[in-house]
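Remarks on the overall topology
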Amino acid sequence: MTTSVPQKMKIDFVSDVSCPWCVIGLKALEDALGRVGGEVQADIHFQPFELNPNMPDEGQDIAEHLAEKYGSTPEQSQRNREMIRARGQDVGFTFSMDKRGRIYNTFDAHRLLHWAEEAGEGRQLALKDALFKAYFTDGDSPGSHDVLARVAGEVGLDVARAKAILASDEYADAVREREQFYLQQGIHSVPAIIINDKHLISGGQPAEVFEQALRQIAAAG
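Our subject in this report is the structure included herewith.

The rules we used
Residues numbered from 1 in each chain as written. Predicted model: local features only at pLDDT ≥ 70, side-chain atom pairs only at ≥ 80, totals over all residues. Heavy atoms only, no water. Helix = DSSP H or I, 4+ residues; strand = E, 2+ residues; numbered from the N terminus. Rg over C-alpha atoms; globule rule 2.2 N^0.38 Å. Buried < 20%, exposed > 50% of the residue type's maximum accessible area, 1.4 Å probe, protein only. Contact = heavy atoms within 4.5 Å. Areas by Shrake-Rupley, 256 points an atom, 1.4 Å probe, with all protein chains shown as cover. Core = buried A, V, L, I, M, F, W, Y, C linked by side-chain atoms within 4.5 Å. Salt bridge = Lys/Arg side-chain N within 4 Å of Asp/Glu carboxyl O. Axes fitted to C-alpha atoms, helices over the stretch in contact; angles between N-to-C directions. Parallel < 35°, antiparallel > 145°, perpendicular 65-115°, else oblique. Nonpolar A, V, L, I, M, F, W, Y, C, P; charged D, E, K, R; others polar. Phe/Tyr/Trp six-rings, centres within 6.5 Å; stacked < 30°, edge-to-face > 60°. Pairing = 2+ DSSP bridges. Right-handed = clockwise from strand over helix to strand, strands pointing away.

**Observations regarding the overall build of the protein**
If you tally the helices and strands in the protein, you get nine helices and six strands. The C-alpha atoms of the protein give 18 Å as radius of gyration, which agrees with the globular expectation for 221 residues (17 Å, within 12%). Here the protein holds 221 residues, and 45% of them are scored as buried. In the protein, 77% of the contacts between residues at least 6 apart in sequence involve partners at least 24 apart. Approximately 11100 Å² of the protein is accessible, and the part contributed by carbon and sulfur atoms is 48%.

**Re the environment of L200**
With respect to the secondary-structure elements, L200 resides in strand β6 (residues 199-202). Sequence-wise, L200 and I187 are 13 residues apart; in three dimensions their C-alpha atoms are separated by 9.8 Å. Residues in contact with L200, not counting those within four places in the same chain, are I187, A192, I193 and I194.

**Observations regarding the nonpolar core**
Most often, soluble globular proteins keep nonpolar side chains buried together rather than apart. Within the largest apolar cluster, 43 residues are counted, with the highest numbers of intra-cluster contacts made by V14, F95, I195 and L214. Elements that contribute at least two residues to this core include exactly β1 (7-15), α1 (20-36), β2 (40-48), α2 (62-70), α5 (123-137), β5 (192-195) and α9 (207-220). Counting residues per element, this core draws most heavily on α1, which supplies nine residues. Setting aside anything within four residues of it in sequence, one finds V14 in contact with Q47, P48, F49, Y182, I187, V190, P191, A192 and I194. Within the second largest apolar cluster, 21 residues are counted, among which are V17, A130, L148 and L157.

**With respect to the pattern of salt bridges**
If you walk through the whole model with that rule in mind, you get 17 salt bridges. We note a salt bridge from E30 to K27, for which the minimum N-O separation is 3.9 Å. Of this pair, E30 and K27 both sit in helix α1, three residues apart, which is roughly one turn of that helix. Between E121 and R123 there is a salt bridge, and its shortest N-O distance comes to 4.0 Å. Among the residues examined, E121 registers a relative accessible area of 72% and is labelled exposed. Given the relative accessible area of 25%, R123 is considered partly exposed. Overlapping salt bridges bring together D31, R35, E39, E208, E211 and R215 as one network.

**Here's the deal with the packing of helix α4 (residues 107-119) against helix α8 (residues 172-184)**
Their axes nearest at 9 Å, the elements α4 and α8 cross at an angle of 100°. Overall, the two elements α4 and α8 adopt an arrangement that is roughly perpendicular. Contacts between α4 and α8 involve F107, H110, R111, H114 and E117 on the former and, on the latter, A172, A174, V175, R176, R178 and E179. Of the residues assigned to the contact of α4 with α8, the class counts are four nonpolar, two polar and five charged.

**Some thoughts on the packing of aromatic side chains**
Counting across every chain of the model gives seven aromatic pairs. Here Y104 and Y135 contribute two aromatic rings whose centre-to-centre distance is 6.3 Å and whose plane-to-plane angle is 80°, an arrangement assigned as edge-to-face. Of this pair, Y104 sits in the loop between β4 (102-103) and α4 while Y135 sits in helix α5; the two residues are 31 residues apart in sequence, bridging distant segments of the chain. Each of the two residues, Y104 as well as Y135, counts as buried.

**Points about the pairing of β2**
With nine bridges joining them, β1 and β2 adopt parallel strand pairing. Within β2, the residue paired with V14 across the bridge is Q47. In this fold, the crossover linking β1 to β2 by way of α1 has right-handed handedness.

**Comments concerning the environment of H188**
Among the secondary structure elements, H188 is positioned in the loop between α8 and β5. In this structure the C-alpha to C-alpha distance between H188 and Q78, which are 110 residues apart in sequence, comes to 24 Å. Apart from residues no more than four positions distant in its own chain, H188 is found in contact with F49 and L183.

**So, the sheet that holds β2**
Reading across the sheet, the four strands line up as β2-β1-β5-β6 and stay open at both edges, with mixed pairing between neighbours. Of all strands in the sheet, those bounded by a partner on one side alone are β2 and β6. Pairs of neighbouring strands in the sheet enclose a mean axial angle of 20°, with direction left out of account. Against the sheet, α1 contacts β1 and β2, and its axis sits at roughly 170° relative to β1. Against the sheet, α5 engages β1 and β2, with an angle of about 55° to β2.

See the structure below:
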């Protein structure tokens, strides 16, 4: 009996750590990868995207921000938050809406994620998951250097090194370069999942959508 060799797939997951639909999309993608099992060998890279690149360090009240940016009424915002909470529950993630009252600048979080990618051994995925939990479940600020350093340590990264990066401009140019690259490729909303540099899946899709796409791409070789 012959065994099939899994198809190697490069997956660029363009997202922001303050984007709830990015959490939902990532969990659904991971579910789909579990379903396709030995058919696909995925190499996931998290690419930076800032929903609010001009956000000040102190952040902004979420309701105020949504009203300014999207014209959302309090009722619309509440319905959207409930939809996100329910979708999160479906994919096994807890959105603690009562703990998340502000939007923050996420540029430094992206700098740490860039460093974590270089660290290898799944560190970038672990840090991404931990940052999502810190913000959406625990209500911590992803713009706080203390929070970022602590979370880095929780996933096995060197805390002293993380603090040194945060205190400097290290990786700033590299992050901006990647951000500009994806903007120039026409990515203006996230999550955007790009498979093998040519197949784009947009939004926090259900696992079934990712599964179908992964199987089709694998079958095409």
